[in-house]
Amino acid sequence: MDVFQIKIDDDRPIQLNVKNYERYTKKSDPFYIIENNKLKYYAICPACKNPIQVINLYVDKKFDENNNKLPLYAKHVKRSVIGVADYLQEAYDNCPMANPNKFGGNEKHRNKKLRNEIVSLIKFYPVVLFNEIRSITGIDFSEKAFGKMINTFIKAEGFYYKYITKYNLPYGFLNMQKSISIYNNKLYPSSIKNELIDNINKSNFFQFNKFHITPKSKDMFCEIVIYLANHKFDKKFESETIEIIIEEKFEEVSNVVYEKTIELNLEKYINTIEKQKRINSLTNNIILE
Ligand SMILES: [Zn+2]
């Protein structure tokens, strides 16, 4: 995982990097402790409140066989760490970061509190979700398409899906849409925008023309869709990946236009909501007359 927390009663994830870790822990006890003559670094899992250990915090000089820097990450430890957190097996077993449910299927829980938490995020902060799914896919979905996605989510009771949590909601939300038509869509500013344009232009039936994804020939009835697939959990790093796939179809032919494996970011969405709440509260004292 690449998030952490230091307070047991705070479930907001903090992005793990050296600067954040040092700032929040103040480089002090009980997070920095010497064990067996070595300095070890601990924190708390924001989701399950069990202790986690930070690995490769200061490794600038260590390289693997490919000369890469060893990745900084955090991992659950299955024992109590004095002063940090007590280990609770049940919380660990149910932790969406230690044991995430596989995307896909429609296995449901029936927890009303969890349901309402997810529903509130969608109901009160739809713009955050809308921006996030456009930023993840690089597709500027229309408002109408987003409305359809919300309906699909509510009809299928996505808020009860076991694999959907407040941390991964934009990914879970997209995943349960099956395939989404991107015919005539614009692109959204994102890190993959140029790759998308290249791949669309190289496709058999589509092009990026006048800022839209349009068919190369107007006489063909062809389709182009996007979907998420192949969700994977890496046990060693406790990180999750998923593939973004764009596919074109014409009669019996279908081709993959674009395919990219991305790592799930489990802090951006929920922290953006927190920021929205803070900003909204700035105008609480302004009275209408
Ligand atoms: Zn956890």
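Above: the structure in question.
This section reports on the structure supplied with the text. (Residues numbered from 1 in each chain as written. Predicted model: local features only at pLDDT ≥ 70, side-chain atom pairs only at ≥ 80, totals over all residues. Heavy atoms only, no water.)

### Considerations on the sheet that holds strand β5 (residues 51-55)
Paired through backbone hydrogen bonds, the strands of a sheet run either parallel or antiparallel to each other. Taken in spatial order, the four strands make up an open sheet running β3-β4-β5-β6, and their pairing is antiparallel. Among the strands making up the open sheet, the edge pair consists of β3 (32-35) and β6 (73-76). Recorded for the sheet is a direction-independent mean angle of 40 degrees between the axes of neighbouring strands. (Pairing = 2+ DSSP bridges. Helix = DSSP H or I, 4+ residues; strand = E, 2+ residues; numbered from the N terminus. Axes fitted to C-alpha atoms, helices over the stretch in contact; angles between N-to-C directions.)

### A few points about the coordination of the zinc ion
Within the first shell, the zinc ion binds the protein through Cys 45 (SG), Cys 48 (SG), His 76 (NE2) and Cys 95 (SG), at distances of 2.1 to 2.3 Å. With four donor atoms in place around the zinc ion and angles of 102 to 115 degrees between them, the coordination shape is tetrahedral. Each donor residue of the zinc ion lies on one chain, and together they are spaced C-x2-C-x27-H-x18-C. Within this pair, whereas Cys 45 is found in the loop between β4 (38-44) and β5, its partner Cys 95 is found in the loop between α2 (89-93) and α3 (112-124), the two being separated by 50 residues in sequence. Relative accessible area serves as the criterion here: at 0%, Cys 45 is assigned to the buried category. (Donors = N, O, S within 2.8 Å, 3.2 Å for Na, K, Ca; no water. Tetrahedral: all angles 85-135°; square planar, octahedral: opposite > 155°, others 65-115°. Buried < 20%, exposed > 50% of the residue type's maximum accessible area, 1.4 Å probe, protein only.)

### A word on the environment of Ser 142
Mapped onto the elements of the fold, Ser 142 is located in the loop between β7 (139-140) and α5 (143-155). Look at Ser 142 and you get partly exposed, because its relative accessible area is 33%. Once the C-alpha coordinates of Ser 142 and Ile 52 are considered, the two residues, 90 residues apart in sequence, prove to be 41 Å apart. Only 3.0 Å separates the side chain of Ser 142 from the backbone nitrogen of Ala 145, close enough to count as a polar contact. (Polar contact = N/O pair within 3.5 Å; in protein donor to acceptor, adjacent residues only side chain to side chain.)

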